[in-house]
Amino acid sequence: MGVLRLTTLPVEVLSRILGYVDNPDITAVKKTCQILRSVTMTRQFWYHRIRELCEEKIASPPEEELEKYTIAELELWAMRRIRARSTSLVTLQLHSRTDPMTEDNYVDMLLVPGGRWLLKIRCDLRVYFVDLDGSNLEQHLLLDSSNTDPRISQYGSVKLNHIWIDRKAPRLSFRLEGSFHNEGYIWVYIYQVNLIGHGASATLMAQIIATFRKTKSNFSHDLSGQYVVSESTAPG
């Protein structure tokens, strides 16, 4: 009986076998031979890897439907998150052409589920975003709440309270709630943020969709039937 070589097996069988390879070892497998490399260049192979990452809570689902990505983009998305899992903590050097990056200006940072977009919130409720999949980590202005209400620039107790991801949307879409205290009221501002473009050219765009005031911490406001805003609890 002759020796059965791994590379003589059908592609479908090889794909199932490689499904058991640990994520960090995928790069080594691709370098083994052209046949095994070709197995990793299929959509189903990367669909399986991405589902695995999401099921293990290593990453949130991609910001667009998987069918919108090329095979190369699927591989890039998955491998970035696989490498991030096994990489030591690093200090990010963020850049901006328009805003001094002194830490005293910022009150919070938030990583949007999916792992690509980092939000940096200033004390005056100006929000910047950074594309962590980009090469230069430059900060871009997402929204400036003082353009919505000039009073915001006069008060220091501004904060970003909640972020809600729209799980029903076919691509990344979420809402932000910011607020500040003035004359016994809490003024609330709701922004809609959408992903614009695709791949490396994608960006985030925000617009104000609601503003109101409240006097009690348990006040809630129905925005659209799909989102409910409250002081302490985000919608399920």
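Residues numbered from 1 in each chain as written. Predicted model: local features only at pLDDT ≥ 70, side-chain atom pairs only at ≥ 80, totals over all residues. Heavy atoms only, no water.

Chemist: What is the right way to read the side chain of E63 from this model?
Modeler: Topologically, E63 is positioned in the loop between α4 (43-55) and α5 (71-85). For E63, a relative accessible area of 11% gives the class buried. In contact with E63, not counting residues within four places along its chain, are Y69, R116, W117, P170, R171, L172 and L195. (Helix = DSSP H or I, 4+ residues; strand = E, 2+ residues; numbered from the N terminus. Buried < 20%, exposed > 50% of the residue type's maximum accessible area, 1.4 Å probe, protein only. Contact = heavy atoms within 4.5 Å.)

Chemist: Mind showing me how you'd approach the confidence of the model for the protein chain here?
Modeler: Low-pLDDT portions of the prediction should not be read for the details of their coordinates. Per-residue pLDDT for the protein chain has a mean of 75; in total, 72% of the residues score no lower than 70. Note that residues 88-92 has pLDDT below 50 and, in this model, two contacts with residues that lie over four places away or in other chains. Every residue in residues 218-236 is under pLDDT 50, and counting partners more than four places away or in other chains gives 40 contacts. (pLDDT = per-residue confidence, 0-100.)

Chemist: I tried to follow the pattern of salt bridges on my own but got confused; where do I start?
Modeler: A full pass over the atoms with the stated rule returns seven salt bridges. Note that D133 and R81 form a salt bridge whose closest N and O atoms lie 3.7 Å from each other. Of this pair, D133 sits in the loop between β3 (126-131) and β4 (139-144) while R81 sits in helix α5, placing them 52 residues apart in sequence. The class of R81 is buried, set by a relative accessible area of 10%. (Salt bridge = Lys/Arg side-chain N within 4 Å of Asp/Glu carboxyl O.)

Chemist: What is the right way to read the packing of aromatic side chains from this model?
Modeler: Within a pair of aromatic rings, the relevant descriptors are the distance that separates the centres and the angle that separates the planes. The full count for this structure, using the stated rule, is two aromatic pairs. Summarising the aromatic geometry, the rings of F45 and W46 are spaced 5.0 Å apart at their centres and angled 85 degrees between planes, so their arrangement reads as edge-to-face. With respect to class, F45 is no different from W46; both count as buried. Here W117 and F129 contribute two aromatic rings whose centre-to-centre distance is 5.7 Å and whose plane-to-plane angle is 70 degrees, an arrangement assigned as edge-to-face. With W117 in strand β2 (residues 117-122) and F129 in strand β3, this pair connects stretches of sequence that are twelve residues apart. Residue F129 is classed as buried on the basis of its relative accessible area of 4%. (Phe/Tyr/Trp six-rings, centres within 6.5 Å; stacked < 30°, edge-to-face > 60°.)

Chemist: What should I look at first to understand the pairing of strand β7 (residues 185-196) in this one?
Modeler: Moving residue by residue along a regular strand, the side chains alternate between the two faces of the sheet. Of all twelve residues in β7, nine are buried; the element is thus mostly enclosed. Two elements, β7 and strand β8 (residues 203-214), share eleven bridges in a ladder whose sense is antiparallel. Note that in β8 the partner of V188 across the bridge is F212. Once β7 ends, the chain turns through six residues before running back antiparallel as β8, passing G197 with a positive phi of about 85 degrees. (Pairing = 2+ DSSP bridges.)

Chemist: Could you clarify how one ought to interpret the layout of surface pockets in this entry?
Modeler: Gaps between atoms show up when a probe of the same size as a water molecule is rolled over them. If you add up the space inside the second largest pocket, you get close to 400 Å³. Elements supplying a minimum of two residues to the lining of the second largest pocket: α5 and β3. A per-element tally of the lining of the second largest pocket places α5 first, with five residues. Per-class residue counts for the lining of the second largest pocket are twelve nonpolar, seven polar and eight charged. (1 Å grid on protein atoms, 1.4 Å probe; cavity = no way out; pocket = protein on both sides within 12 Å on 5 of 7 lines; lining within 4 Å. Points joined across faces, edges and corners; volume = space filled by probe spheres on them. Nonpolar A, V, L, I, M, F, W, Y, C, P; charged D, E, K, R; others polar.)

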